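Okay, here's what each chain looks like letter by letter:
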Amino acid sequence: MTLFDAVVLGLVQGIAEFLPISSSGHLIIARDVLGLVTDHGLAVDAVLQLATACAVLLYFRRDLMTLAIGMVRRMQGTASIERTNDTLFWSLLIGTIPAIFGGLLLESYMETTFRSAQLVAWVLIIGSALFVVAEYLAKHMTTKPLSVGRGLIIGLFQMLALVPGLSRSGATISGGMLMGLSREAAARFSFLLSLPIILGSGLKKLLELNGAALSLHEWTMIT
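Residues numbered from 1 in each chain as written. Predicted model: local features only at pLDDT ≥ 70, side-chain atom pairs only at ≥ 80, totals over all residues. Heavy atoms only, no water.

**Q** Explain the nonpolar core to me, please; I cannot follow it from the model alone.
**A** Nonpolar side chains in soluble globular proteins tend to be buried together. If you look at the biggest cluster of nonpolar residues, it comprises 19 residues, and the most contacted ones within it are Leu88, Leu92, Ile154 and Phe189. Sorting the residues of this core by element identifies α3 (41-59), α5 (83-111), α8 (168-178) and α9 (183-210) as the ones contributing at least two each. Element by element, the count of residues in this core is highest for α9, at seven residues. The contact partners of Leu88, leaving out residues within four places of it in the chain, are Leu67, Leu146, Arg188, Phe189 and Leu192. Membership of the second largest hydrophobic core comes to eight residues, among which are Leu9, Val12, Ala30 and Leu48. (Core = buried A, V, L, I, M, F, W, Y, C linked by side-chain atoms within 4.5 Å. Buried < 20%, exposed > 50% of the residue type's maximum accessible area, 1.4 Å probe, protein only. Helix = DSSP H or I, 4+ residues; strand = E, 2+ residues; numbered from the N terminus. Contact = heavy atoms within 4.5 Å.)

Okay, here's the thing in structure tokens:
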């Protein structure tokens, strides 16, 4: 991977991750259109997303600190966090499970079959249709609060986004709106829900790259 390849992929990841346009899908398209050559493609993409996770951690640091303090107090049995934060905690925990199992089951396909620009193009179209439907139906629905059950269903939408081209944030925000959450609540939950998966997959692939005996130049380009 050259410096040009690294800069282009970093820019694509940085711009696309926070928009509902699938950063993973656009990384694949960028490679195909521009002829970028990178070994360990899936692993590199996962590590790139660690930078995204850092941005999310920084932005939601107060929310995460509140959840962390509440979890410690719950374990100690000294106090209970507010009901809304308690619901958020369990919703994030349960909502993460589908993507974990999906990622483990589909990892081999994610490294081969799913890394096709043609597949990404079709999934982008399908994802756009999902967003339009969610936007339309949400206008006619009564706003509902987050619940653990709704968190699980939103987690299933996140699992669908394991296929490159279907934006993870777009899928989970759409899922949240279809469950009755307001646009703001769906977006907040979507980005918080992304953290365990992005951090987990990124760190896992980082360890795999560490075991692949990469050269100093390759590590420099990735970082």
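**Q** So what exactly am I meant to see when it comes to the layout of surface pockets here?
**A** For the largest pocket, the calculated volume is near 730 Å³. Surrounding the largest pocket, 33 residues form its lining, Gln49, Met110, Leu162, Ile197 and Ser201 being those nearest its centre. Breaking the lining of the largest pocket down by element, the ones donating at least two residues are α2 (23-34), α3, α5, α8 and α9. Here the element with the most residues in the lining of the largest pocket is α9; it accounts for seven residues. The residue inventory of the lining of the largest pocket, partitioned by class, reads 16 nonpolar, ten polar and seven charged. (1 Å grid on protein atoms, 1.4 Å probe; cavity = no way out; pocket = protein on both sides within 12 Å on 5 of 7 lines; lining within 4 Å. Points joined across faces, edges and corners; volume = space filled by probe spheres on them. Nonpolar A, V, L, I, M, F, W, Y, C, P; charged D, E, K, R; others polar.)

**Q** Mind showing me how you'd approach the side chain of Ser23 here?
**A** As for its position among the elements, Ser23 is in helix α2. Judged by relative accessible area, which is 6%, Ser23 ranks as buried. Only 3.4 Å separates the side chain of Ser23 from the side chain of Gln13, close enough to count as a polar contact. Residue contacts for Ser23: discarding those within four places in its chain leaves Gln13, Ala16, Glu17 and Gln49. (Polar contact = N/O pair within 3.5 Å; in protein donor to acceptor, adjacent residues only side chain to side chain.)

**Q** Would you mind going over unusual backbone geometry with me for this structure?
**A** Notably, Ser22 is not glycine yet its phi reads approximately 70°, a positive angle. Mapped onto the secondary structure, Ser22 falls in the loop between α1 (3-16) and α2.

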